[in-house]
Amino acid sequence: VALDVDPIATADPAALDAADPLAPFRRRFVIPDPDIVYLDGNSLGRPPLRAIERVARVAAEEWAGELIRGWDHWLEAPRRIGDLLGTGLLGANADEVAICDSTTVNFYRLASAALEARPARRIIVTDRANFPTDRYVLEGLARDRDREIAWLEPDPIDGPTVDDVEAVLRQHPGDVALVTLSHVNYRSAAIADLPAITGLAHASGALVLWDLSHSAGSVPVGLAEHGVDLAVGCTYKYLNGGPGAPAYLYIRSDLQAELRNPIQGWFGQADQFEMGQGFRPTAGIGGWLTGTPGVLGLGAAEEGIRVSVEAGIEAIRAKGVALTEYAIALHDAWLAPLGFTLGSPRECGRRGSHVSVRRADARELTRALIDAGVIPDFRAPDSVRLGLSPLTTSFSDVARGIATLARLAGGRPADG
Ligand SMILES: Cc1ncc(COP(=O)(O)O)c(C=O)c1O
């Protein structure tokens, strides 16, 4: 063993688990095969026990029993659960978040509304490392609205910096309509400096739209504190809402009436069941709903969000830092000697709750890992992405997962 090994790497993972205040939360989730090491909770979170029970109850009691009368209370669910998420985990005020549609659709709607609110400005700022759906939606909007994207080309590990944003705003004075970035990068886990970038965008007169898919339920966001205009994200990752769970959107309260919803559906209409002529949006975030929501999915999402609210975002963040620090120490001790490099920021304040490790054969290694009962994600071209979901991932999972990777990558069995 090299002398410069980080002492965390030699810690006993069982002892780390025993000292983990969030360890009991793992029992709130359905884990049918405890031998599988699941390191992809940032793609699809594990199901909370209560979410499974809730879906069964909504189907058997509400759908079957209440029939159409269920809408008396189902109608409120997108706003009720939006408040739970917004005030409980995102630092928003009440009536600023709604659960609805998909992340892609919400992203389109908010980006579109932002462009309409800045008609004389031509430029949309985003980065080449942003999640594909965001980039594709912006490309379509730029084409249809005769706008142009100023692409940031950030460092692939550290993501877009405040300086990158400042430089592009200086290049296009008075011409940037929208700055939109992911808060936590889906590949490297880099955290963008949301407060500073939001401030810079505002100083230039632009609106700002954050994709929170990889930060909601893993790092604090502080939407109200930092004066964020707009945000979207999904509930199926760290929020454990289930496959294809409904997404959310956030609109700061003073912008809700100023911006226009490009999809004027009847669920956003005041006096919805009057079925009257002409669209008149409900005041508040309700004016941003579109059509009939999936009630089974809303029930599961509410239970998923509730588990994270109960655990508390500060405790979740603390464990996310501890898990990723441990994973990086094990990378340095066991994987770096085998030719791996770290694909995530080393500084914990700049890193969300996953860690990417890179080697040219990452695709084959990911397949071999899955065959060996360890489930991470492959991200092209060369990353094995280890998602460490604070409520369900143990330190023992991290140790077993990385030891297995080291063995498959050619390390001696004694190394892990
Ligand atoms: C940053 C980000 N945005 C959006 C999405 C997906 O959007 P949708 O739920 O519409 O498929 C993901 C999914 O992984 C994501 O990581």
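First, a word on scope: everything that follows refers to the structure included in this document. (Residues numbered from 1 in each chain as written. Predicted model: local features only at pLDDT ≥ 70, side-chain atom pairs only at ≥ 80, totals over all residues. Heavy atoms only, no water.)

Before going further, it helps to examine the sheet that holds strand E13 (residues 383-387). Through backbone hydrogen bonds, the strands of a sheet pair up, either in parallel or in antiparallel fashion. Strand order in the open sheet formed by four strands is E9-E10-E13-E12, and the pairing between neighbours is antiparallel. Looking at which strands have only one partner, the edges of the open sheet turn out to be strand E9 (341-342) and strand E12 (377-379). Sheet topology note: the E12/E13 ladder contains three bridges and is antiparallel. From the neighbouring strand, Asp377 faces E13, where its bridge partner is Arg385. (Pairing = 2+ DSSP bridges. Helix = DSSP H or I, 4+ residues; strand = E, 2+ residues; numbered from the N terminus.)

Counting 46 residues, the largest nonpolar core has Leu85, Leu90, Val179, Trp210, Leu223 and Tyr248 as the members making the most contacts within it. No other element matches helix H4 (residues 77-90), which puts six residues into this core. The residues contacting Leu223, other than those within four sequence positions of it, are Leu90, Gly91, Ala92, Leu212, Val228, Ala231 and Tyr250. By size, the runner-up hydrophobic cluster in this structure holds 29 residues, among which are Phe340, Ala362, Leu386 and Ala399. (Core = buried A, V, L, I, M, F, W, Y, C linked by side-chain atoms within 4.5 Å. Buried < 20%, exposed > 50% of the residue type's maximum accessible area, 1.4 Å probe, protein only. Contact = heavy atoms within 4.5 Å.)

All right, on to the site of the ligand then. Taken together, the residues surrounding the ligand are Ser102, Thr103, Thr104, Phe131, Thr133, Asp134, Ser182, Asp211, Ser213, His214, Tyr236 and Lys237. Ser213 is positioned such that a nitrogen or oxygen atom in its side chain is 3.5 Å from a nitrogen atom of the ligand. Between the ligand and His214, the relevant distance is 3.1 Å, taken from an oxygen atom to a side-chain nitrogen or oxygen of the residue. In the complex, 83% of the free accessible area of the ligand, which totals 400 Å², lies under the protein chains. Every element with two or more residues in the shell around the ligand is listed here: helix H5 (103-117) and helix H6 (132-145). Looking at side-chain class alone, the shell around the ligand contains two nonpolar, seven polar and three charged residues. (Near = heavy atom within 4 Å. Polar contact = N/O pair within 3.5 Å; in protein donor to acceptor, adjacent residues only side chain to side chain. Areas by Shrake-Rupley, 256 points an atom, 1.4 Å probe, with all protein chains shown as cover. Nonpolar A, V, L, I, M, F, W, Y, C, P; charged D, E, K, R; others polar.)

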